[in-house]
Amino acid sequence: MPDCPFRSSDFPCEIEIELMVQNEAVEEATEAFRQMQKELRSSLQRIELLENTLCDHGIPIPDLDD
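Residues numbered from 1 in each chain as written. Predicted model: local features only at pLDDT ≥ 70, side-chain atom pairs only at ≥ 80, totals over all residues. Heavy atoms only, no water.

**Student:** Go over the overall build of the protein chain with me, naming the residues and quoting the values.
**Tutor:** Helix and strand content of the protein chain: one helix and zero strands. The proportion of buried residues among the 66 residues of the protein chain is 5%. Accessible area of the protein chain: about 6,200 Å², with a carbon and sulfur share of 56%. (Helix = DSSP H or I, 4+ residues; strand = E, 2+ residues; numbered from the N terminus. Buried < 20%, exposed > 50% of the residue type's maximum accessible area, 1.4 Å probe, protein only. Areas by Shrake-Rupley, 256 points an atom, 1.4 Å probe, with all protein chains shown as cover.)

The following block contains the structure:
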């Protein structure tokens, strides 16, 4: 690892290591978000299909209690 541009006496540079750790955390969080987004999209498609099936058969869609 190159010398730290912020404090040239430190090797390895703590700031650069922290940045690498944070970048990895961001990548992992982004991947988790994309997976959850994919699952949500799939669930919404399934809900739409079920609602359409209910409507096609004249079955009312129940209201949700909030």
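From this point, the discussion proceeds with the structure in view.
**Student:** A description of the environment of P62 should follow, citing residues and the corresponding values.
**Tutor:** Counting through the fold element by element, P62 comes out in the segment after α1 (14-56). Separated by 11 residues in sequence, P62 and E51 place their C-alpha atoms 10.0 Å apart.

**Student:** Tell me about α1, and name the residues and values.
**Tutor:** The end-to-end C-alpha distance of α1 is 63 Å, a good match for the 63 Å that 43 residues give at a rise of 1.5 Å each. Where α1 terminates, the next one or two residues include G58, which has phi positive at roughly 70°. (Expected span 1.5 Å × (residues − 1).)

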